[in-house]
Amino acid sequence: MIGFLSYLVFFTTIASILAIAALGLNLQWGNTGLFNGGVVAFFGAGAYGTLLLGGAPQSDHIGGFDLLYPIALLGGMIVAGLLAWIVGILTIRLRHDYLAISTFGVAVAFENLMRNAQWLAGGAKGLRGFERPLREFLGDGFLYNVSFLIIVLFILLSVYFFLELLVSSPFGRLLRAIREDEYAARSLGKNPTNIRLTAFVVGSIVMGLAGGLYGAFYAFVSPQDILPMLTFQIWAMLIVGGAGNNKGAIFGAFLIWAAWTSSGWLLSRFAPIETQLYTGSIQYVLIGVVIVTMLLWRPQGLFPERLVISQPGER
Amino acid sequence: MIQHLIDGILIGSVLSLGAAGLTMIMHILRFANFSHAELLSIGAYAALVFDQIFKAVEPFFSEQIGAFSITWALFLAMFFSLVLTGASAVLFDFLVFRRIREKGDELSMVFASFGLALIIRNLIGLSFGLSTQLYSKDIVFATVFSRDPLIAFKLDHLATLSITLVIMLAIHLVLSRTNFGYSLRAVGENPELAQINGIDLKRTIIMVWFLGGGLAAFAGVFYGLTNQITPMIGSDLVLPVFAATIVGGIGSIYGALLGGFIVGVAANVALIILPSGYSPSVPFLIIIVVLLIRPNGLFGESRI
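Description of the structure in this document. (Residues numbered from 1 in each chain as written. Chains lettered and ligands numbered in written order. Predicted model: local features only at pLDDT ≥ 70, side-chain atom pairs only at ≥ 80, totals over all residues. Heavy atoms only, no water.)

1. Some points on the overall build of chain B
Assigned secondary structure in chain B consists of eleven helices and two strands. Counting from the amino terminus, chain B carries its helices and strands in the arrangement α-α-α-α-β-β-α-α-α-α-α-α-α. Counting only C-alpha atoms, chain B reaches 60 × 50 × 40 Å along its principal axes. Residues counted as buried form 54% of the 304 residues belonging to chain B. Sequence-distant contacts in chain B: of pairs separated by 6 or more residues, those separated by 24 or more amount to 75%. Of the roughly 12,900 Å² of accessible surface on chain B, 68% is carried by carbon and sulfur atoms. (Helix = DSSP H or I, 4+ residues; strand = E, 2+ residues; numbered from the N terminus. Buried < 20%, exposed > 50% of the residue type's maximum accessible area, 1.4 Å probe, protein only. Contact = heavy atoms within 4.5 Å. Areas by Shrake-Rupley, 256 points an atom, 1.4 Å probe, with all protein chains shown as cover.)

What follows is the structure, encoded as structure tokens:
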């Protein structure tokens, strides 16, 4: 029973962290219509940034500034935001293909850099030397994981309410206006490029926050944690949940993560030994099928965006 | 240095053919197709299968052509692979992209292309195995053309390069001399106006997919000849091929042909300074450099 409970805590923690990333993507794609092909780069920037700033000093690579965890987490979010700002400022004013390709490229390059640059973040063997915050009070067991989960759930709710507020504010209205008709927005004196860039950076900072929590939960991050698959999983979460709907994004995150972990468990349990090598491929095909069939069958997702009329006219 | 240049030109011919097909799709359907590189993979594997069938059917086909390691079977298989890959590109459009296009969302097309790429890549891995394969198990030695500076390449490479140049000439003739070439440009400029002038949009789109797939098939076979055939061909080449379209300017076929060589050479020359582990990042660096100095590429138009 305790085993099941502790697995449930573990599962909910990871799903909630991924839900935060899906919320960040929803601001970019759902509300603003920006394609991010490299979610994992911003997630990874947050994770690496947080662990580098908050970890103990290491002899073989830079970092280890031993900062207090909230400050390190904030630093990780800033790293993710800066990365997004650089990519965004180069591409957002161009036709949308450029953003798609560049974000995809930045994820490839980021993973490649982390795998090779031993001096920067430990290279392929990953980033060690980070101690989980408050470990001396809470220990390493069930109590710690429950406390961590409570904090993650609190952050998830905060991000949710922050984004709901943002989307219903005049700024959110502007985002939808630009998404629907850029020229109309421009004719009203709005600057679509700046507003898109803001939304892109804010969304990426939220992804960085998710990465910083993920890194702290495992107290470790390596290039294996920032493979392109994570981007596809987070997309699947948003597409299934419903682009433009924050509740949908959270629901989609839990649903897809449950499907992913259970399919992995079923395959490892019941697939014949000689096909075990291929279980990864089968799971990848499944994620691809989920993305394509959802787009064909129900592109608005399970929870479609609720279109609001800001100021209903008089009848 | 010269050797890096030559290697760059060789991989450049693969990227050129891949990018030319991709940029055509981006020109008329206006979305970044992340599954295009999987067509190279399909082309390489299709040629492998046809090659083995022909060898089994008729022993003569196992003979090598002249001094090349390319057999008659493989030569013939290339054309069968062209048809099959072109047809699968049309099929993917029919099954996925056309349906999403009709709902009218460009961004969903990009997502769908990623999903499709995942499906194709892993189905290939499941059917052909994850290990690498080769067209010919014989070891082909590079011919040394000069010892100082050291210049060496395989005769096969000379063949692939010449075929690429012939294909490029053919593309040029089609674009500048045929009705299809005109309608392609017209549809890219303004689909509505093109239709008013009697261009069959659906037919043009089918032709573009077929042609893009056919070019990808040749690129895939050439990649298999110079490197090896693995299910990861698509994921390894997707970024370099996109870099080539951006260097040339998205939508410009001539730009893509040139861009492929530029990216191939730049990526190889960059490895003089950078450790080879960084080679997957080089296409991204090239994209950043282009965006900084000339965002619309060599021949691109600046449209949103």
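Moving on from the coordinates now.
2. Describing the packing of aromatic side chains
Considering all chains together, one arrives at 37 aromatic pairs over all chains under this definition. For the pair tyrosine 160 of chain A and phenylalanine 161 of chain A, a centre-to-centre distance of 5.2 Å together with 70 degrees between the ring planes defines the contact as edge-to-face. Between phenylalanine 34 of chain B and phenylalanine 242 of chain B, the ring centres sit 4.7 Å apart and the planes meet at 50 degrees, which makes this aromatic pair tilted. Of this pair, phenylalanine 34 of chain B sits in the loop between α1 (2-29) and α2 (36-57) while phenylalanine 242 of chain B is found in helix α9 (residues 233-248), placing the two residues 208 residues apart along the sequence. Taken individually, phenylalanine 34 of chain B and phenylalanine 242 of chain B each receive the classification buried, so the pair is uniform in this respect. Each residue in the set Trp29, Phe35, Phe104, Phe232 and Trp235 of chain A together with Phe34, Phe111, Phe114 and Phe242 of chain B is aromatic and connected to the rest through ring pairs, giving one cluster. Sitting above the plane of the phenylalanine 94 of chain B ring, arginine 99 of chain B keeps its charged end 5.5 Å from the centroid. (Phe/Tyr/Trp six-rings, centres within 6.5 Å; stacked < 30°, edge-to-face > 60°. Lys NZ or Arg CZ within 6 Å of the ring centre and 35° of its normal.)

3. Observations concerning the side chain of glutamine 233 of chain A
Structurally, the position occupied by glutamine 233 of chain A is in helix α11 (residues 228-241). If we ignore the near neighbours within four places in the chain, the residues touching glutamine 233 of chain A are Ile256, Trp257, Trp260 and Ile287 of chain A.

4. Structural notes on unusual backbone geometry
In the Ramachandran plot, alanine 219 of chain A falls in the positive-phi region, its phi being about 55 degrees despite a non-glycine side chain. Unlike most non-glycine residues, arginine 30 of chain B shows phi in positive territory, near 55 degrees.

5. Observations regarding α2 of chain B
Along its 22 residues, α2 of chain B runs 32 Å from first to last C-alpha, staying within 8% of the 32 Å computed at 1.5 Å per residue. In terms of residue burial, α2 of chain B counts as a mostly covered element, since 16 of its 22 residues are buried. (Expected span 1.5 Å × (residues − 1).)

6. Examining the nonpolar core
Among the nonpolar cores identified, the biggest contains 193 residues, and Ile20, Ile101, Ile234, Trp235 and Ile287 of chain A together with Phe34 and Tyr135 of chain B are the most heavily contacted of them. The contacts of tryptophan 235 of chain A, once residues within four sequence positions are left out, are Leu25, Phe35, Asn36, Gly37, Val39 and Ile291 of chain A together with Phe111 and Phe114 of chain B. In this structure, Ala46, Phe50, Phe54 and Ala73 of chain B belong to the second largest nonpolar core, which totals five residues. (Core = buried A, V, L, I, M, F, W, Y, C linked by side-chain atoms within 4.5 Å.)

7. Brief notes about the interface of chain A and chain B
Residue-level contacts link 45 residues of chain A with 45 residues of chain B. Together chain A and chain B conceal approximately 4,200 Å² of surface at their shared face, both sides included; 76% is due to carbon and sulfur atoms. Contact with chain B buries surface across chain A, with Arg95, Tyr98 and Ile101 of chain A losing the most and accounting together for 18% of the total. The interface formed by chain A and chain B contains zero salt bridges. For the side of chain A that touches chain B, the secondary-structure elements that each account for two or more residues are α3 (69-91), α4 (96-116), α9 (182-187), α11 and α13 (279-297) of chain A. With 14 residues, the top contributor of residues to the side of chain A that touches chain B is α4 of chain A. For the side of chain A that touches chain B, the class distribution of residues is 32 nonpolar, nine polar and four charged. (Buried area = accessible area lost by both parts, 1.4 Å probe. Salt bridge = Lys/Arg side-chain N within 4 Å of Asp/Glu carboxyl O. Nonpolar A, V, L, I, M, F, W, Y, C, P; charged D, E, K, R; others polar.)

8. A closer look at the packing of α9 of chain B against helix α10 (residues 253-273) of chain B
The description of two helices packed together rests on the angle between their axes and the distance between the axes. All names here are of chain B. Running from N to C, α9 and α10 point in directions that differ by 120 degrees, and their axes come no closer than 7 Å. The angle between α9 and α10 places the two elements in the oblique class. Of the two elements, α9 crosses α10, and the hand of that crossing is right-handed. Residues Pro240, Ala243, Ala244, Val247 and Gly248 of α9 pack against Gly255, Ala256, Gly259, Gly260, Ile262 and Val263 of α10. A class-by-class count of the residues in the contact of α9 with α10 yields seven nonpolar, four polar and no charged. (Axes fitted to C-alpha atoms, helices over the stretch in contact; angles between N-to-C directions. Parallel < 35°, antiparallel > 145°, perpendicular 65-115°, else oblique. Left-handed = near helix turned anticlockwise from the far one by under 90°.)

9. Remarks on a nonpolar patch on the surface
A cluster of nonpolar side chains, Met1, Ile2, Phe4, Leu5, Leu8 and Phe142 of chain A, forms an exposed patch at the surface whose accessible area comes to about 650 Å². Its place among the elements puts leucine 8 of chain A in helix α1 (residues 2-31). (Patch = residues over 30% accessible without salt bridge, like charges linked within 9 Å, V, L, I, M, F, W, Y side chains within 5 Å.)

10. A short note on the packing of α3 of chain A against α4 of chain A
Residue and element names in this part refer to chain A. Taken N-terminus to C-terminus, the directions of α3 and α4 make an angle of 150 degrees; their axes are 9 Å apart at the nearest point. By crossing handedness, the relation of α3 to α4 is classed as right-handed. Contacts between α3 and α4 involve Leu83, Val87 and Thr91 from the former and Tyr98, Leu99, Ser102, Thr103 and Val106 from the latter.

11. Remarks on the environment of glycine 104 of chain B
Structurally, glycine 104 of chain B is set in the loop between α3 (72-103) and α4 (106-128). A C-alpha to C-alpha distance of 18 Å links glycine 104 of chain B and glutamate 189 of chain B, two positions 85 residues apart in sequence.

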